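Commentary on secondary and tertiary structure
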Amino acid sequence: MADACLVPQPITTSPTKPKASSKSDKTVSKKILRKESSCPSEPSPVSVSDQRQSLRPPWRGGAWTPSRSQTSPSLTQSGYIRRSESSMSVNAGLRSRAGLIRPATSLPHIPKASSSSRPCLLVALRPTNLQQEKNEFFQSGFKYDPQFEYEEAELSAVLEKYREGSDLFLQQAVGIMECVLRKYGSYESFEEATGGAILPKSQVWAAVRKYLQKEGCVGEVVVRLSDELLSQAVMVVENCRPTLTINLSGARQHWLEGMLRHEIGTHYLRGVNNSLQPWSSSEQRKALGLKGANPTEEGLASLHSVLLRKQPFLWRAALLYYTVHHASHMSFSQLFHHIQRFVSSPEVRWEYCLRAKRGQTDTSKPGCFSKDQVYLDGILRILRHRRNIDFQLLTALGKVSFEDVERLRSLAVLSRTRIPHFMTDPDKYLSHLDHILYMNELSDEELERLLP
């Protein structure tokens, strides 16, 4: 998952009457949306035992059969979609009134097993004084090095794991970005020309519903919208529910479905498939001697982000790799000025530098959080071996490395596994990967030399 655990505070709004859709909204959503006034205002009662069974997250151990959750967009018996995936913050006991959207958080839910459980890694790495330090940095004319504070004091073991940045694919990262600049002049021009307009909430909801239907996932995933993520989107388990949070600032017309292929078509479906396999627990993985899911997991998801684009440039993965490498040798302010070569927007540069420097308290010192290099690393390894990988089997096996596929073939449970719609034609899928290689001016000879 892209920044798999970095979750903002819930957005607090008040339920409002749905606005009339614009002509463009109707075009996007006409096949899957019904008049909300026709939808039942209350879901049917659900027993606690039924909730525990239907809301069990797919990446937990043991076999799991997806069922229609009442906490996410779900089809009623009459075929309508209940818009209950809003992240509106209301009391759990609030009853819906006619004409109002019933928020997901008002529906029955299973609380976390323990309130004392530690927050996941990427939440812990978000500075508690982020806005204060950002303001001081901008007011200094980009010369101040932020002094970050964190809620979690014991991060040293994790930071030690990701303290070393690699330069193995640095030349390829630079080449990809220069390729974009030659064609578009600047990243901002590339973003505007190929990403399209930022979508309003109504069109984001419609596009998400449409995609969930494509993958047969309607009712399985809670969807929330946010303005505060560092990443484009993140899939986590919240209160035992698979929950996708989407960054509204990055929800562009032509890129949104790529993000859904990344988060749902890759991470979520591979998680569901993994729960069916004999290696679904860490103990079983260890007994079988399996490699880690990364860099395959994030590499595959990142390829799927650009898979169907006409201009499938790997810009984001390349800039993340590049920024992390230089963060290991530079202060925050030095890094900020250094990447101006590729990004002119101060706001965008701040976000990239923050990602590369997260976990540090005194950012005047060299140091990086190298996890973001996994995207380009995984992409290039998969492209290098793409003609020898059974991609459908790789997806069906769940959270495994492509290097373990053949030896797991005979152990796999495949009867109830699910393959995303864009992988059903292996030849067409491979042609998309070939196109990605070509457009980013990479070559098989180059990758074979780097990865013999």
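This text gives an overview of the structure that appears in the document. Just so it is clear, the model here is predicted, and its values are computed rather than measured.

1. A word on the sheet that holds strand β3 (residues 222-226)
- Ordered by their spatial adjacency, three strands build an open sheet running β3-β5-β4, and the pairing between neighbours is mixed. One side of each edge strand has no neighbouring strand; the edge strands of this open sheet are β3 and β4 (233-238). Strand-to-strand twist in this sheet, taken as the mean axis angle between neighbours without regard to direction, amounts to 25°.
- Pairing geometry for β4 and strand β5 (residues 241-247), over six bridges, is antiparallel. In the sheet register, methionine 235 faces β5, and the bridge partner there is leucine 244.

2. What to know about the pairing of β5
- Most of β5 sits out of view: seven of its seven residues are buried.
- Going residue by residue along β5, you find Arg241, Thr243, Thr245 and Asn247 tucked away on one face and Pro242, Leu244 and Ile246 tucked away on the opposite face as well.
- Pairing of β3 with β5, which is carried by five bridges, proceeds in the parallel orientation. The residue bridging arginine 224 from the neighbouring strand is threonine 245, located in β5.
- In this structure, the hairpin formed by β4 and β5 is closed by a connection of two residues, where asparagine 239 is found at a positive phi of approximately 50°.

3. Concerning the packing of aromatic side chains
- A complete count under the given rule lists 22 aromatic pairs for this structure.
- Each ring, one from phenylalanine 148 and one from phenylalanine 332, has its centre 6.4 Å from the other, and the planes form 70°; the classification is edge-to-face. One end of the pair, phenylalanine 148, is in the loop between α4 (130-139) and α5 (156-161); the other, phenylalanine 332, is in helix α13 (residues 332-338), with 184 residues separating them in the sequence.
- Taking relative accessible area as the criterion, phenylalanine 148 reaches 2% and is therefore assigned buried.
- For the pair tyrosine 187 and tryptophan 315, a centre-to-centre distance of 4.8 Å together with 20° between the ring planes defines the contact as stacked. Of the two residues, tyrosine 187 sits in helix α7 (residues 187-195) while tryptophan 315 sits in helix α12 (residues 315-327), which places them 128 residues apart along the sequence. This pair shows no difference in class: tyrosine 187 is buried, exactly as tryptophan 315 is.
- Put simply, the rings of Tyr184, Tyr187, Phe190, Trp255, Phe313, Trp315, Tyr322 and Phe342 pair up and form one aromatic cluster.

Calculation rules
- Residues numbered from 1 in each chain as written.
- Predicted model: local features only at pLDDT ≥ 70, side-chain atom pairs only at ≥ 80, totals over all residues.
- Heavy atoms only, no water.
- Pairing = 2+ DSSP bridges.
- Helix = DSSP H or I, 4+ residues; strand = E, 2+ residues; numbered from the N terminus.
- Axes fitted to C-alpha atoms, helices over the stretch in contact; angles between N-to-C directions.
- Buried < 20%, exposed > 50% of the residue type's maximum accessible area, 1.4 Å probe, protein only.
- Phe/Tyr/Trp six-rings, centres within 6.5 Å; stacked < 30°, edge-to-face > 60°.

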